[in-house]
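# Coordinates in review
Each chain is listed here by its residues.
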Amino acid sequence: LREAEKRRREEAERRSREERAAIAIQSIVRMCAAMRRVELMVVEAQIAEYVAVFCQSAFRGVRGRRVAERMRRRVERRRMEEAASLEIQRMERGRVARTVALRRRKERDALRVRSVTRIQSWERMRQCKRSYKSMLLMRDQEKREEEAATVIQCAYRGLRGR
């Protein structure tokens, strides 16, 4: 009996050791599996963080390029508006200058016409005065001739009548 009991005890001890060994092995396997899962989770977290950083970077890059493009367009539009403004100002200054030049030309032409008219008027006045004086002189001459003729006729008639 003793031997059977001893065997049973040894068998129970062996089973107990085997169970403990199995438990230890299972624990180690579970620990390794858990460590793998943790490592996978860490790697996944790192990948997720990398992906998140990459996506954020890409988004910021796209947004930055859009902002830069808007600013470039705004600057280009401002430059074009300024160029158009300068062109409009240049054209308006030209129009004003042409208008002023035309007005001055018309004033100068009008002054010439007035001057020519005045000169012509003076010349006609001078000619009229000359012809008037000439007419007065001729009338005086005719009057004197007529008076002289009358005196001669009187004298002739006086002599004939006596």
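Our structure's up above, just so we're on the same page.
Residues numbered from 1 in each chain as written. Predicted model: local features only at pLDDT ≥ 70, side-chain atom pairs only at ≥ 80, totals over all residues. Heavy atoms only, no water.

A tally of helices and strands in the protein yields one helix and zero strands. Taken against the 2.2 N^0.38 rule, which gives 15 Å for 162 residues, the C-alpha radius of gyration of the protein at 68 Å runs more than 25% over that of a compact globule. Projected onto the principal axes, the alpha-carbon positions of the protein cover approximately 230 × 10 × 5 Å. Counting every atom, the protein has about 15700 Å² of accessible surface; 59% of that belongs to carbon and sulfur. The positive charge centre, built from 46 side chains, and the negative charge centre, built from 24, are 11 Å apart in the protein. (Helix = DSSP H or I, 4+ residues; strand = E, 2+ residues; numbered from the N terminus. Rg over C-alpha atoms; globule rule 2.2 N^0.38 Å. Areas by Shrake-Rupley, 256 points an atom, 1.4 Å probe, with all protein chains shown as cover. Lys, Arg positive; Asp, Glu negative; His and termini not counted. Charge placed at Lys NZ, Arg CZ, Asp CG, Glu CD.)

This part is about a positive patch on the surface. A contiguous patch of positive charge, built from Arg 66, Arg 70, Arg 74, Arg 77 and Arg 78, is present on the exposed surface. Position of Arg 78 relative to the elements: it lies in helix 1 (residues 2-161). Accessibility expressed as a relative area gives 52% for Arg 78, which makes it exposed. (Patch = residues over 30% accessible without salt bridge, like charges linked within 9 Å, V, L, I, M, F, W, Y side chains within 5 Å. Salt bridge = Lys/Arg side-chain N within 4 Å of Asp/Glu carboxyl O. Buried < 20%, exposed > 50% of the residue type's maximum accessible area, 1.4 Å probe, protein only.)

What follows deals with the pattern of salt bridges. Once the charged atoms of two side chains with opposite charge are near each other, the side chains can pair. One pass over the full model with this rule turns up twelve salt bridges. Two residues, Arg 126 and Glu 123, come together in a salt bridge whose shortest N-O distance is 2.6 Å. Of the two residues, Arg 126 and Glu 123 are both situated in helix 1; the distance of three residues between them amounts to about one turn of the helix. Its relative accessible area of 37% is what places Arg 126 among the partly exposed residues. Each of Glu 11, Arg 14, Arg 15 and Glu 18 takes part in one network of salt bridges that share partners.

Next up on the list: a negative patch on the surface. A cluster of acidic side chains, namely Glu 142, Glu 145, Glu 146 and Glu 147, defines a negative patch on the protein surface. Here Glu 146 is to be found in helix 1.

By the secondary structure assignment, Ser 16 is in helix 1. It is 182 Å that separates the C-alpha atoms of Ser 16 and Glu 142, two residues lying 126 residues apart in sequence.

Residues Val 43, Ile 47, Tyr 50, Val 51 and Phe 54 make up a contiguous nonpolar surface patch of roughly 510 Å² in combined accessible area. Looking at where Tyr 50 falls in the secondary structure, it is placed in helix 1. Tyr 50 sits in the exposed class, given a relative accessible area of 57%.

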